[in-house]
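# A look at the structure
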Amino acid sequence: MSRDLIHGGALDAMKAAFPEAPQPWIDLSTGVNPWPYPDRRLSERALTCLPTVTDQDACKNAMASAIGAPADALLLAPGSELLIRLLPDIIHPRRVAILSPTYGDHANAWKRDGIDVVETPDPLSFADKADAVVITHPNNPDGRLFDLDALETAREKLAARGGWLIVDEAYADLSPEISFAPRGGAEGLVVFRSFGKFFGLPGLRLSGLIAPPAVRERMARRLGVWPASGAALEIGARAYADLDWQSQTRKELSEAADRLHDTLDRAGFKIVGGTALYRYVQSKDAHQVWARLAEQGVYVRRFDGSNSHLRFGLPPTPAAEARLAKALTL
């Protein structure tokens, strides 16, 4: 399977596959904020010294405060992708129910460990049947949200049986009110948080695991003494403390998503979901539409398991918005 079908973001592969496409490419494949956190200054120490416990605590406390999570339930990590891959070896469930469709690496991680995986549009109904229930909230790619009381009921059912509710909040910074992070540390609850998408800096590889002590301790042993780089800790601490930027960014992303929505609607797509960072659309022969856009230097997310859906991230400039609109008419 080509990398673009797994995650998007494989612009090098796209350039090789479509060498005649006009430049520069417009990469709308990742669902990452195209206007990253601006204050990316780094001290010399961040690059020349190993991160200290003080550095880690500063970033952890800033993250916990920003997302409303208890700091003592939070563990920093180098990206939620690694956490997803390591968790099966830490909690050892026999049967896992996973929201479908959703971010594909969740199912892949459990299947690699030989665990029975049920992919279902109604995962919470398995709270009294499965050993773990996994949701992405808001969901990727369709932006689906769950009622927080329903999540709490599922967590209680699972915890009573020694099971787990696992909530991937990679996009929860867009809508803090929907986050389960404030309940972090509760029995039977694991929450993943991602820094890169909302703050537009995925290359820093910074994330958080919010979980009960035993899970955090086992994960910490696997991540080692320096779970995040000095650069990630320094910029992360500053960005999470900048609440004004976060508030203004939510407003700007929402406005940009509305413009994208209008562009896609005018092009005839049926918009079936999304968040303030992307729109999820239905389209006949989606893979052919994807290829036609690629030939024009516009890279969007397609899905190996569906030839009727595409995901569009936010164009970064007015010129890119206009170019996308034009590409959709050809």
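Residues numbered from 1 in each chain as written. Predicted model: local features only at pLDDT ≥ 70, side-chain atom pairs only at ≥ 80, totals over all residues. Heavy atoms only, no water.

Attention now goes to the overall build of the protein. Scanning the protein for helices and strands turns up 14 helices and 13 strands. Taking 330 residues into account, the globule formula puts the C-alpha radius of gyration at 20 Å, and the protein, at 20 Å, falls close to it. Dimensions of the protein along its principal axes, counting C-alpha atoms only, are 55 × 50 × 35 Å. In the protein, which comprises 330 residues, the proportion classed as buried is 53%. For the protein, contacts bridging at least 24 residues in sequence account for 69% of all contacts bridging at least 6. Total accessible area on the protein stands at roughly 14,300 Å², and carbon and sulfur atoms take up 51% of it. (Helix = DSSP H or I, 4+ residues; strand = E, 2+ residues; numbered from the N terminus. Rg over C-alpha atoms; globule rule 2.2 N^0.38 Å. Buried < 20%, exposed > 50% of the residue type's maximum accessible area, 1.4 Å probe, protein only. Contact = heavy atoms within 4.5 Å. Areas by Shrake-Rupley, 256 points an atom, 1.4 Å probe, with all protein chains shown as cover.)

To continue, consider a nonpolar patch on the surface. Among the surface-exposed residues, Leu50, Val225 and Trp226 lie close enough to one another that they form a single nonpolar patch of about 340 Å² accessible area. As for its placement among the helices and strands, Leu50 is situated in the loop between helix H3 (44-48) and helix H4 (53-67). The exposed category is assigned to Leu50, whose relative accessible area is 54%. (Patch = residues over 30% accessible without salt bridge, like charges linked within 9 Å, V, L, I, M, F, W, Y side chains within 5 Å. Salt bridge = Lys/Arg side-chain N within 4 Å of Asp/Glu carboxyl O.)

Let us look at the pairing of strand E13 (residues 306-313). With 6 of its 8 residues buried, E13 lies for the most part within the structure. Two elements, strand E10 (residues 278-282) and E13, share 5 bridges in a ladder whose sense is antiparallel. Opposite Tyr280, over in E13, you have Arg311 as the bridge partner. Where strand E12 (residues 301-303) lies against E13, 3 bridges are found, and the strand directions are antiparallel. Among the inter-strand pairings, Arg301 is bridged to a residue of E13, identified as Arg311. Two successive antiparallel strands, E12 and E13, enclose a turn made up of 2 residues. (Pairing = 2+ DSSP bridges.)

Strand pairing in a sheet is mediated by backbone hydrogen bonds. Such pairs are either parallel or antiparallel. The 7 strands are arranged E2-E8-E7-E6-E5-E3-E4 in an open sheet whose pairing can be described as mixed. Across the chains shown, the open sheet's two edge strands, defined by having one partner strand only, are strand E2 (74-77) and strand E4 (116-120). Strand-to-strand twist across the sheet, computed as the mean angle between neighbouring axes with direction ignored, equals 20°. Taken together, the 5 bridges between strand E3 (residues 95-99) and E4 define a ladder with parallel strand orientation. (Axes fitted to C-alpha atoms, helices over the stretch in contact; angles between N-to-C directions.)

Spatial strand order, E9-E10-E13-E12: 4 strands in an open sheet with antiparallel pairing. Single-partner strands in this sheet number two, and they are strand E9 (270-275) and E12. Across the sheet, the mean angle separating the axes of adjacent strands is 25° when strand polarity is ignored. Bridge count for E9 against E10 is 5 bridges, and the pairing is antiparallel. Following the sheet pairing, Lys270 is matched in E10 by Gln282.

Next up on the list: unusual backbone geometry. The residue after Ser100, namely Pro101, is reached through a cis peptide bond having omega 0°. Along the chain, Pro101 turns up in the loop between E3 and helix H7 (104-112). Each neighbour pair has its own omega, and for Asn140 with Pro141 the value is 25°, a cis peptide bond. Mapped onto the secondary structure, Pro141 falls in the loop between strand E5 (132-136) and helix H8 (148-160). Phi is positive for Arg205, which is not a glycine, with a value near 55°. Tracing the chain through its elements places Arg205 in the loop between helix H9 (196-199) and strand E8 (207-210).

Moving on to the state of the cysteines. Across all of its chains, the model carries 0 disulfides by this definition. Left unpaired, Cys59 is separated from the closest cysteine sulfur, that of Cys49, by 17 Å. A residue is classified by how much of its surface remains accessible, and Cys59, at 0% relative accessible area, is buried. (Disulfide = S-S within 2.5 Å.)

A word on the pattern of salt bridges. Taken as a whole and assessed by the stated rule, the structure comprises 16 salt bridges. The partner of Asp55 in a salt bridge is Arg45, with the nearest N and O atoms 2.7 Å apart. You can see Asp55 sitting in helix H4 and its partner Arg45 sitting in helix H3, a full 10 residues away along the chain. Using a relative accessible area of 17% as the deciding quantity, one classes Asp55 as buried. The shortest N-O distance in the salt bridge between Lys111 and Glu119 comes to 2.9 Å. With a relative accessible area of 43%, Lys111 lands in the partly exposed category. A relative accessible area of 44% means that Glu119 is categorised as partly exposed. Within this structure, Asp39, Arg41, Glu234 and Arg238 form a network of salt bridges that share partners.

Checked against the element boundaries, Phe146 lands in the loop between E5 and H8. Setting aside residues no more than four positions away along its own chain, Phe146 makes contact with Leu99, Pro123, Leu124, Ile135, His137 and Leu151.

Worth remembering: the numbers are spatial, not functional.
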